[in-house]
Every structure is written in C-alpha cells, then in structure tokens.
Amino acid sequence: MEEKVEKLMRDAVAEFNADRPSDQQLNDDTLTPLIGKSTLLDSLDLVRLIVAVEEQIQDTLDIRLTLADERAMSESSSPFRTLGSLQDYILQRLSERDDG
Amino acid sequence: MAEPRVILVTGARKGIGNSLARHYAGLGDRVIGCSRKPADEYENYRHLCLDVCDETAVGELFSEIKSTHGRIDALINNAGIAAMNHALLTPLDTARRILDTNVIGTFLFAREAARLMMKNGGGRIVNFTTVATPLRLEGEAIYASSKAAVENLTRILAREFGEMGITVNAIGPSPVRTDLVRNVPEEKLQSLIDRQAVKRFAETADITNVVDFFLRPESAMITGQVVYLGGV
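What you see is a predicted model, and the numbers here were worked out from it, not measured in a lab. (Residues numbered from 1 in each chain as written. Chains lettered and ligands numbered in written order. Predicted model: local features only at pLDDT ≥ 70, side-chain atom pairs only at ≥ 80, totals over all residues. Heavy atoms only, no water.)

Helix and strand counts for chain A stand at 4 helices and 0 strands. Its helices and strands taken in sequence order, chain A reads α-α-α-α from the N to the C terminus. Against the globule reference of 13 Å for 100 residues, chain A gives a C-alpha radius of gyration of 13 Å, in line with a compact fold. For chain A, the spread of C-alpha atoms along the principal axes amounts to about 45 × 30 × 20 Å. Out of the 100 residues in chain A, the part that is buried amounts to 44%. Expressed as a percentage of contacts within chain A between residues at least 6 apart in sequence, the contacts between residues at least 24 apart total 58%. (Helix = DSSP H or I, 4+ residues; strand = E, 2+ residues; numbered from the N terminus. Rg over C-alpha atoms; globule rule 2.2 N^0.38 Å. Buried < 20%, exposed > 50% of the residue type's maximum accessible area, 1.4 Å probe, protein only. Contact = heavy atoms within 4.5 Å.)

Our focus in this paragraph is the confidence of the model for chain B. Segments scoring low in pLDDT should not have their predicted coordinates read at a detailed level. On average, chain B scores 95 in pLDDT, and the residues at 70 or more come to 99%. This complex was scored by the predictor with a pTM of 0.92 and an ipTM of 0.82. (pLDDT = per-residue confidence, 0-100.)

Now for the nonpolar core. By size, the foremost hydrophobic cluster in this structure holds 33 residues, and its most contacted members are Leu-8, Phe-62, Ile-65 and Phe-109 of chain B. Among the elements of the structure, α2 (43–61) of chain A together with β1 (6–10), β2 (30–35), α2 (55–69), α3 (92–117), α4 (141–162) and β6 (166–172) of chain B are those that each provide at least two residues to this core. Sort the elements by how many residues they give to this core and α3 of chain B lands first, with 7 residues. Other than its neighbours up to four places away in sequence, Phe-109 of chain B contacts Leu-8, Thr-10, Cys-34, Leu-50, Val-52, Val-58, Leu-61, Phe-62, Leu-75 and Asn-77 of chain B. (Core = buried A, V, L, I, M, F, W, Y, C linked by side-chain atoms within 4.5 Å.)

Right, let's get into the packing of aromatic side chains. If you walk through the whole model with that rule in mind, you get 3 aromatic pairs over all chains. Lying across the ring of Phe-201 of chain B, Arg-177 of chain B places its NZ or CZ 3.8 Å from the centre. (Phe/Tyr/Trp six-rings, centres within 6.5 Å; stacked < 30°, edge-to-face > 60°. Lys NZ or Arg CZ within 6 Å of the ring centre and 35° of its normal.)

Okay, the side chain of Asn-18 of chain B next. All names here are of chain B. Here Asn-18 lies in helix α1 (residues 15–26). Of the residues examined, Asn-18 reaches a relative accessible area of 18% and is grouped as buried. Setting aside its immediate chain neighbours within four residues, Asn-18 contacts Gly-11, Ala-12, Arg-13 and Tyr-42.

Turning to helix α6 (residues 204–215) of chain B, a few remarks are in order. Residue and element names in this part refer to chain B. For α6, spanning 12 residues, the distance from its first C-alpha to its last is 16 Å, which sits close to the expected 16 Å at 1.5 Å a residue. Considered for burial, the residues of α6 that qualify are Ile-207, Thr-208, Val-210, Val-211, Phe-214 and Leu-215. Burial along α6 is one-sided: seen end-on, the buried residues are contained in an arc of 165 degrees. Structural note: α6 exposes Ala-205 and Asn-209 on the side pointing more than 90 degrees away from its buried face. (Expected span 1.5 Å × (residues − 1). Arc of directions from axis to C-beta.)

What follows deals with the sheet that holds strand β4 (residues 74–77) of chain B. Within a sheet, adjacent strands bond to each other through the backbone by hydrogen bonds, running parallel or antiparallel. Residues and elements named next belong to chain B. Across the sheet, which stays open at both edges, the 7 strands sit in the order β3-β2-β1-β4-β5-β6-β7 with parallel pairing between neighbours. Both edges of this open sheet fall to β3 (45–49) and β7 (226–228), since each of them pairs with a single strand only. Put simply, the sheet's adjacent strands are angled 15 degrees from each other on average, direction ignored. Pairing geometry for β4 and strand β5 (residues 123–128), over 4 bridges, is parallel. Bridged to Ile-76 within β5 is Val-126. Here α4 sits on the sheet in contact with β5, β6 and β7, set at roughly 160 degrees to β6. Strand contacts of α6: β1, β4, β5, β6 and β7, with the helix running at about 165 degrees to β6, the strand carrying the most contacts. (Pairing = 2+ DSSP bridges. Axes fitted to C-alpha atoms, helices over the stretch in contact; angles between N-to-C directions.)

What follows concerns the packing of α2 of chain B against α3 of chain B. Two quantities define a packed helix pair, namely the angle between the axes and the distance from one axis to the other. Residues and elements named next belong to chain B. One way to put it is that α2 packs onto α3 with a least axis distance of 10 Å and a crossing angle of 30 degrees. It follows that α2 is roughly parallel to α3 by the angle criterion. Between α2 and α3 lies a crossing whose hand is right-handed. Along the contact surface, α2 presents Glu-55, Val-58, Leu-61, Phe-62, Ile-65 and Lys-66, while α3 presents Leu-108, Phe-109, Arg-111, Glu-112, Ala-113 and Leu-116. Its residues assigned to classes, the contact of α2 with α3 shows 8 nonpolar, no polar and 4 charged. (Parallel < 35°, antiparallel > 145°, perpendicular 65-115°, else oblique. Left-handed = near helix turned anticlockwise from the far one by under 90°. Nonpolar A, V, L, I, M, F, W, Y, C, P; charged D, E, K, R; others polar.)

Moving on, we come to helix α5 (residues 186–194) of chain B. If you check which residues of α5 of chain B are buried, you get Leu-189, Leu-192 and Ile-193 of chain B. Down the axis, α5 of chain B shows its buried residues gathered within 100 degrees of arc, on one side only.

Set out below in structure tokens:
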C-alpha cells in the first residue's frame, strides 16, 4: 500500500504542477512544506492540491477519502505540514479502514 | 459547431427540472438528470435515481459523469421540497427533511460539481431559491429559511469558486403551477401574486430564460446573484 500511496501522491503533485508556472512548481519531496512561512502555496493552492490527492486516491484505490475532515483539523500536529506528513496521514486513514 | 455542453439537472423527473432538462436536451446539450424515482429517458437525456442527500450515491453519479464525459459544464441545482404549515404545527421530521434536501443537497452537488469544473477551467452552478424568502411568507417558515440558506450559500460559494472560473447564481421563481404549489389554496396563491410587480403566474419559460442567461459564456462576470421573478 505504501508504494501505491507514494505513486498516487507523485501523480497528484504532477497534476497540480501542470497548471502552475515553472517558478511555482511544487517539489515532489516528502519534506516539501504545504503550510507555514516557507511554503509556495496559498490557501486556495492547498485546497486544489488536497482535491487532486483525494481524486488520485479515488481513481487508483476506488476509495473516497475526505482528508480535510474535523479530525485532521483538530490534530495537534497538522497532517498538512509537508507532503510526507500528508502521505503518512493517508496511510494511517487507509489502515484504519482495513482494521475497521 | 461548438461541442455540446454537459449539464446536470437535479430533481429532473417533473416540474421545472423536467422542463429545463428537456429544454437543454432539445438544444443538443448532453443532459444528465436525477431524482428519487425513475423517469423516462429521451434523446440527449439520461436519468439516474438517487437521494440528493446521499453522499455515496452523489459521489458515484459524479464519478460516472467524469468517466463518461470527462467534465461538467453546468449544474442546475433544482431539487427541492416544500411543506406549507404553521410553525406551531410543523413536525420536526418535516423540518429536517426540508433542510436536508434543500440545503445539504444543494451544497453536496455544488461541492462535487465544482471539483470537476475546476479541472476544466470553470463552469456554471445555478441554485434555486423562492420569492417566499424575501416576502417572509407565513406558513413557509422552514421552506423559506432553507432557501435563505441556499441564497447565502450561493453568495459565499460564488466567492470561493470565483478564482476557479465557476459562477454560482440563484433564481427565485414566483409561483409556477407545479406539484410544489398543488396543495396551496388558490386565494393564498392569488394574494402572493398580488404582491408581485408583474401579477401573473410564472411559466417555465420565464425560468428557462434566467437560467439561459446564467449559463451563457458571456455571463462569466455574473456571479453571487439572486434573481427573483415577478418583481418582488
């Protein structure tokens, strides 16, 4: 599952970057910040990226996952800090589905 | 010739939704309609059965639109229910059902449509309100309140979706002779029409005219607007 999620994250970032100018490309790296002072993204960009990731999850895994739910918003450490933390959060949510 | 538009109409089995679906299918657009009960299909029109508040079913509908058409150009968020009653006599279940269909249903379809529209550089969302909201009609406390919520939803979604090239507007029809007003006493309808600047029942063509305007490519600057019929 980890490899599948890594790939769908790469695909989502590629899709997201396709509409952006060359100097605004999001680095496909787990340490790439999504929020905070050092990110390239504004709030609408983050919405677009999350939608792209959710759609990749649906297209690849046939699972509808809502990432920005109340739980994500109430975590003491936001899952949207970096691409890596978002990937970890997705894996965690998917494993909970399997357990449940 | 321009490519046919892909238009989704909710509550398309009868009444205004049915007229709008037939109008756009007749123009050559690809129309997908939905309602709780089945309906006849015809050229350029496909019908699906679902409850507009069922998130899973709505998600599946949009997945199908995405795989079949790859896009959606316009959403006509027409599905709605009304129940006329004095507030003191309105069952809570009825109040919840009206809010669910009219507010949650409208929101859910707008959210899913916008996700698809943003990938194609934009689209048009048309919501449905009513003159009962600005007229503060007695006997329609929950219905008019649900549509007040739809109006605010329209204005805020217009702002949130504006940068994505998606316009969000609402039409507020004055009384039309459909099932929605079937059980309203004639004198009540007449007193409502007497409060309009144009004192007659609206026809479905009056509604189609406003929706056509919202859908036109030239209407890209028209968003967050609520247009009432009849001069209310």
